[in-house]
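The residues making up each chain are set out below.
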Amino acid sequence: MDALDASKLLDEELYSRQLYVLGSPAMQRIQGARVLVSGLQGLGAEVAKNLVLMGVGSLTLHDPHPTCWSDLAAQFLLSERDLERSRAEASQELLAQLNRAVQVVVHTGDITEDLLLDFQVVVLTAAKLEEQLKVGTLCHKHGVCFLAADTRGLVGQLFCDFGEDFTVQDPTEAEPLTAAIQHISQGSPGILTLRKGANTHYFRDGDLVTFSGIEGMVELNDCDPRSIHVREDGSLEIGDTTTFSRYLRGGAITEVKRPKTVRHVDAETVVGLAQDLEPLKWTEEEPLEQPLDEALVRTVALSSGGVLSPMVAMLGAVAAQEVLKAMSKKFMPLDQWLYFDALDCLPEDGELLPSPEDCAPRGSRYDGQIAVFGAGFQEKLSRQHYLLVGAGAIGCELLKVFALVGLGARNSGGLTVVDMDHIERSNLSRQFLFRSQDIGRPKAEVAAAAARRLNPDLQVIPLTYPLDPTTEHIYGDNFFSHVDGVAAALDSFQARRYVAARCTHYLKPLLEAGTLGTRGSAKVFMPHVTEAYRAPASAAASENAPYPVCTVRHFPSTAEHTLQWARDEFEGLFRLSAETINHHQQAHTSLADMDGPQTLTLLKPVLGVLRVRAQNWQDCVAWALGHWKLCFHYGIKQLLRHFPPNKVLEDGTPFWSGPKQCPQPLEFDTNQDMHLLYVLAAANLYARMHGLPGSQDSTALRELLKLLPQPDPQQMAPIFASNLELASASAEFGPEQLKELNKALEFWTVGPPLKPLMFEKDDDSNFHVDFVAAAASLRCQNYGIPPVSRAQSKRIVGQIIPAIATTTAAVAGLLGLELYKVVGGPRPRSAFRHSYVHLAENYLIRYMPFAPAIQTFHHLKWTCWDRLKVPAGQPERTLELLLAHLQEQHGLRVRMLLHGPALLYSAGWSPEKQALRLPLRVTELVQQVTGQVLAPGLRVLVLELSCEGEEEDTAFPPLHYEL
């Protein structure tokens with residue numbers, strides 16, 4: 001299959017999140033590749049699952065061995081009814097259901113040399129050394145990429161051989177670096193200065209770059225890649241520009257990624273080198289610096305008799321990612337060997353290890369896990385009750401791990417799954433518990449049902465209420481009193497912070513994971529042992545932080561600014577305006593009775609050059625053309641009248657300098673694809689808002705535009721907002737204009753209400769993303785800003801997180817390993833691990849969490865996990881008695897007492913005001929101040945206090961007033 005044929009079959013909606021990680025060329029190679037996976041125990045099943053989800057062309061399964069009880073501890077495709085049945089045949093249909101576009105077949109014969117020639121990649125799992133050597137040698141001989149992987153208990157390894165000359169087309173995950181140009185000098189070498197704020201430190205000596213959009217020195221546009229030298233001041237030497245035209249303005253410099261070639265040695269060579277090594281000896285003449293660690297060997301041997309779901313999930317994810325690298329030539333492959341162990345899951349005290357009798361098989365689906373941790377630990381797991389927040393990609397993988405390890409699989413245990421979202425088609429390439437027939441159904445309900453199919457013993461309850469401040473009457477004291485721990489699989493830092501705060505409040509362990517492309521993290525937070533969860537400072541600061549209005553509307557300097565402007569345009573033109581006009585129709589109000597200048601500013605662009613309601617497609621095209629002229633030509637000219645190119649500030653600084661770049665108006669040209677796309681998208685959206693048929697015929701649109709009269713700029717709406725130093729909206733809209741607009745609106749009362757359009761990013765046929773991408777691109781042209789692609793525009797405005805199945809599986813496996821420690825009983829901080837993985841760069845780090853910070857105040861010491869507890873008493877305490885108790889028992893003279901944002905008491909109040917509050921019972925006071933009745937069954941009132949003599953940054957532990 002050639003690239004052109006493959007591109008026609010690429011399902012961009014299904015693989016949308018994955019495409020942001022791999023890109024179309026890599027995806028096309030993947031869906032044309034053929035892979036053999038031999039060995040369908042837990043590890044092989046994980047590799048196969050990830051490959052099918054990610055759209056490999058065909059997958060051949062090989063494993064003639066019968067299913068046994070120990071397989072069920074980690075092989076999620078098998079069940080009790082498959083015992084004695086071939087693992088490969090039992091797994092085939094369920095794997096095929098994950099992605100019907102992938103051909104999944106079973107090979108029942110031996111692995112021969114002729115068979116291997118049919119595949120680009122061959123994976124062996126749980127194979128004997130002799131088989132690995134034989135198949136590895138044949139694959140190396142014929143240029144077939146080869147992987148061998150295995151896990152035994154808490155240890156695992158992976159070997160890759162991609163041949164002697166394997167070319168990686170795209171070594172890194174990052175997009176090519178692009179920056180806006182400030183100036184280019186003529187000379188040898190020519191010196192290129194980047195705009196202020198550009199990421200100059202990302203360019204490196206020897207990088208290859210190209211140029212685009214330059215006015216004046218056009219010889220550089222689309223030239224062959226040039227090597228650069230980075231100067232001390234951050235400017236770039238770009239080679240000889242002496243004979244080039246003089247640089248005028250604009251343009252962008254873009255990094256060109258270079259392929260890299262890697263060489264993997266023959267497996268036989270490695271074996272030979274190993275055989276030539278002298279055996280380890282302990283002699284008096286040549287003592288070894290590090291003698292054999294017999295305790296370690298004994299621990300590995302004792303724990304290697306079983307197979308564990310978290311281990312195969314983690315190593316299976318890494319192995320699948322290496323297969324993808326082999327197929328797609330995207331990202332640098334592993335440097336042949338990976339060894340991974342999680343022996344830290346075992347008790348540090350060897351005497352606490354399970355006995356051989358405790359690890360003996362029971363004829364149970366958990367035999368593979370019992371072989372490592374023992375039957376007593378399995379019983380502990382089954383009695384746990386856990387809360388899983390989020391049933392998306394990571395949530396589905398965690399549910400699989402929980403089901404296979406038997407978490408909450410007894411009547412005394414259980415698992416609650418919380419997710420308010422519904423299944424979309426784009427979920428199916430990562431969230432493997434869902435199928436196409438589940439689209440539109442609640443994630444929590446479908447995921448819970450699927451988890452029960454993985455393990456019928458699982459006690460799982462789905463809830464579709466969000467876990468946030470609005471539902472604390474549902475997820476309150478009674479709910480959390482039955483929870484042993486919480487797992488969070490959320491894609492919002494705001495949601496993560498809230499769930500973490502609940503865990504801190506109720507002293508519950510928190511397992512937390514997140515991914516971004518091939519990067520992932522898995523962390524564990526234990527009450528009184530580790531620090532509590534904290535969102536990354538950069539993410540917490542930037543999440544939902546809006547750009548300044550002036551910057552977005554008039555002085556953009558980045559593509560993100562133009563995208564925010566385009567997104568605001570969509571909302572104003574096609575949603576808010578329709579809602580406002582519908583309200584006007586229903587209420588029969590005049591514009592003068594509505595929200596003054598703000599409403600007028602909103603509506604006038606929607607009317608644009610039309611003074612009657614649009615009646616047909618031509619009207620919609622005329623409006624779209626007029627709005628194009630308004631935004632990208634007349635509006636820019638109007639801006640330049642207020643701020644001319646030579647404007648100077650009072651201190652002599654040019655107004656247009658630094659990040660503020662002087663814009664240039666565009667001239668409409670039907671031969672420019674982006675000009676045409678904007679009009680096509682805007683006209684279709686305008687038609688849809690009016691209930692009129694649209695058109696996707698760009699050729700007919702081009703001809704229609706030639707026949708339309710040019711819009712009259714006098715009829716167009718001003719684009720400036722009233723809060724700028726430009727003409728105010730009230731001045732722009734005088735009595736005559738108000739009268740004109742009211743008259744025009746009279747035509748809108750005839751016919752059905754307008755249809756407000758809600759922005760939908762995942763429907764590529766609705767023109768929503770097309771409009772935003774085209775508008776932002778044209779805005780970039782106005783201001784000389786390097787634009788981004790449609791795919792990048794969709795990701796940014798849709799707030800889409802790039803995601804890939806392998807990373808989600810890896811972090812779920814790493815969290816599963818921490819689950820063993822949490823459930824196993826009291827452990828020191830040294831036993832726990834935070835993990836960070838970057839599959840594209842073969843990077844994995846596991847490190848001990850930080851201890852909770854200790855704060856002090858006089859004789860008191862506390863951490864974030866501590867709280868002051870005060871019983872309400874019989875009869876209940878008054879505020880005065882509560883303050884006295886805090887002073888007598890803890891030596892705290894309270895300066896201020898709050899319940900959430902509500903101020904209950906202040907030492908700075910007048911005696912009269914204090915006299916009104918002090919005699920009140922605490923519950924009575926809270927209800928009086930907040931105006932809310934306390935929820936039935938509430939066990940604790942959480943109060944915040946500050947005290948006399950404290951430092952400004954002192955955060956006292958919360959005061960738990962026990963009811």
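S.K.: How should I be thinking about the overall build of the chain in this particular structure?
M.R.: A tally of regular secondary structure across the chain gives 31 helices and 31 strands. The buried share of the chain, taken over its 963 residues, is 54%.

S.K.: Which parts of the structure should I look at to understand the confidence of the model for the chain?
M.R.: The predicted coordinates of low-pLDDT regions are not to be read in fine detail. Here the chain averages 87 in pLDDT, while 87% of its residues score no lower than 70. Between residues 1-8, whose pLDDT stays under 50, and residues either more than four places distant or in other chains, the model counts six contacts. A low-confidence stretch, residues 717-732 (pLDDT under 50), is modelled with 36 contacts involving residues beyond four sequence positions or located in other chains.

S.K.: Sorry if this is basic, but what is going on with the environment of leucine 676 here?
M.R.: Relative to the helices and strands, leucine 676 is located in helix H22 (residues 673-689). Along the primary structure leucine 676 and threonine 699 are separated by 23 residues, whereas in three dimensions their C-alpha atoms are 9.7 Å apart. The contact partners of leucine 676, leaving out residues within four places of it in the chain, are Thr670, Ser698, Leu701, Arg702 and Leu705.

S.K.: Is there a simple way to explain the environment of glutamine 792 in this structure?
M.R.: Summarising the element assignment, glutamine 792 is placed in helix H27 (residues 790-797). For the pair glutamine 792 and tyrosine 20, spaced 772 residues apart in the sequence, the C-alpha separation amounts to 8.0 Å. Beyond its immediate chain neighbours, meaning those up to four positions away, glutamine 792 contacts Tyr20 and Glu175. In terms of polar contacts, glutamine 792 uses its side chain to reach the backbone amide nitrogen of serine 789, at 2.9 Å.

S.K.: What exactly am I supposed to notice about the packing of aromatic side chains here?
M.R.: The geometry of two aromatic rings is summed up by the distance between their centres and the angle between their planes. All chains considered together, the criterion is met by 32 aromatic pairs. Ring centres of phenylalanine 159 and tryptophan 337 lie 4.8 Å apart, and the angle between their planes is 45°; on these two criteria the pair is classed as tilted. With a gap of 178 residues between them, phenylalanine 159 in strand E6 (residues 155-161) and tryptophan 337 in strand E16 (residues 337-341) connect regions that are remote in the sequence. Here phenylalanine 159 falls in the buried class, since its relative accessible area comes to 6%. Looking at tryptophan 337, the relative accessible area reads 47%, which means it is partly exposed. Aromatic ring contacts, followed pair by pair, group Trp565, Phe570, Phe574, Trp623, Trp628, Phe632, Phe668, Tyr678, Tyr686, Phe759 and Phe771 into a single cluster. Residue placement shows lysine 49 over the ring face of phenylalanine 432; its charged tip is 5.2 Å from the ring centre.

S.K.: Which parts of the structure should I look at to understand a nonpolar patch on the surface?
M.R.: A surface patch of nonpolar side chains, amounting to about 250 Å² of accessible area, comprises Tyr843, Ile845 and Tyr847. For isoleucine 845, the location among the structural elements is in strand E24 (residues 843-847).

S.K.: Hey, could you run me through the nonpolar core in this one?
M.R.: Nonpolar side chains in soluble globular proteins tend to be buried together. Core analysis: the largest hydrophobic core is formed by 121 residues, its most contacted members being Val35, Leu51, Leu154 and Met327. Broken down by element, the residue count for this core peaks at 11 residues, all from helix H10 (residues 309-328). Setting aside residues no more than four positions away along its own chain, valine 35 makes contact with Leu51, Val56, Ser58, Leu59, Thr60, Phe119, Val121, Val123, Val323 and Met327. Formed by 48 residues, the second largest nonpolar core is a distinct cluster that contains Trp617, Leu680, Ala681 and Met689.

S.K.: Looking at this model, I keep getting lost on the side chain of arginine 877. Mind explaining?
M.R.: Counting through the fold element by element, arginine 877 comes out in the loop between strand E27 (868-871) and helix H29 (879-890). Buried charge without a salt bridge: arginine 877, with glutamate 888 as the nearest opposite-charge side chain at an N-O distance of 7.3 Å. A polar side-chain atom of arginine 877 sits 2.8 Å from the main-chain carbonyl oxygen of proline 871. Discounting residues that sit within four places of it in the chain, arginine 877 has contacts with Val870, Pro871, Ala872, Leu882, His885, Arg921, Val922 and Tyr961.

S.K.: Could you clarify how one ought to interpret the sheet that holds strand E29 (residues 902-906) in this entry?
M.R.: Strand pairing in a sheet takes place through backbone hydrogen bonds and is either antiparallel or parallel in direction. The five strands lie next to each other as E27-E31-E30-E28-E29, forming an open sheet whose pairing is mixed. On the outer flanks of this sheet lie E27 and E29, each paired with one strand and no other. On average, each strand axis in the sheet is inclined to that of its neighbour by 30°, with strand direction left out of account. Pairing analysis gives four bridges linking strand E30 (residues 940-947) to strand E31 (residues 959-962), with the strands arranged antiparallel. Within the sheet, the bridge partner assigned to valine 940 lies in E31 and is glutamate 962.

S.K.: What am I meant to see in a negative patch on the surface here?
M.R.: On the surface, a cluster of negative charge is contributed by Asp421, Glu424, Asp491, Glu760 and Asp763. With respect to the helices and strands, the residue glutamate 760 is situated in the loop between helix H25 (735-746) and helix H26 (768-783).

S.K.: Which parts of the structure should I look at to understand empty space enclosed by the protein?
M.R.: Any empty space left between the atoms is revealed when a probe the size of a water molecule rolls over them. Within this structure, the stated rule accounts for three cavities of 30 Å³ or more. Considered as a void within the structure, the largest cavity measures approximately 40 Å³ in volume. For the largest cavity, the full set of lining residues is Gln132, Ala148, Ala149, Asp150, Gln157, Phe159 and Trp337. Put simply, the parts of the chain that give the lining of the largest cavity at least two residues each are strand E5 (145-152) and E6. In terms of residue count, the dominant contributor to the lining of the largest cavity is E5 (three residues). In terms of residue class, the lining of the largest cavity is built from four nonpolar, two polar and one charged.

Conventions and cut-offs
Residues numbered from 1 in each chain as written. Predicted model: local features only at pLDDT ≥ 70, side-chain atom pairs only at ≥ 80, totals over all residues. Heavy atoms only, no water. Helix = DSSP H or I, 4+ residues; strand = E, 2+ residues; numbered from the N terminus. Buried < 20%, exposed > 50% of the residue type's maximum accessible area, 1.4 Å probe, protein only. pLDDT = per-residue confidence, 0-100. Contact = heavy atoms within 4.5 Å. Polar contact = N/O pair within 3.5 Å; in protein donor to acceptor, adjacent residues only side chain to side chain. Phe/Tyr/Trp six-rings, centres within 6.5 Å; stacked < 30°, edge-to-face > 60°. Lys NZ or Arg CZ within 6 Å of the ring centre and 35° of its normal. Patch = residues over 30% accessible without salt bridge, like charges linked within 9 Å, V, L, I, M, F, W, Y side chains within 5 Å. Areas by Shrake-Rupley, 256 points an atom, 1.4 Å probe, with all protein chains shown as cover. Salt bridge = Lys/Arg side-chain N within 4 Å of Asp/Glu carboxyl O. Core = buried A, V, L, I, M, F, W, Y, C linked by side-chain atoms within 4.5 Å. Lys, Arg positive; Asp, Glu negative; His and termini not counted. Pairing = 2+ DSSP bridges. Axes fitted to C-alpha atoms, helices over the stretch in contact; angles between N-to-C directions. Charge placed at Lys NZ, Arg CZ, Asp CG, Glu CD. 1 Å grid on protein atoms, 1.4 Å probe; cavity = no way out; pocket = protein on both sides within 12 Å on 5 of 7 lines; lining within 4 Å. Points joined across faces, edges and corners; volume = space filled by probe spheres on them. Nonpolar A, V, L, I, M, F, W, Y, C, P; charged D, E, K, R; others polar.

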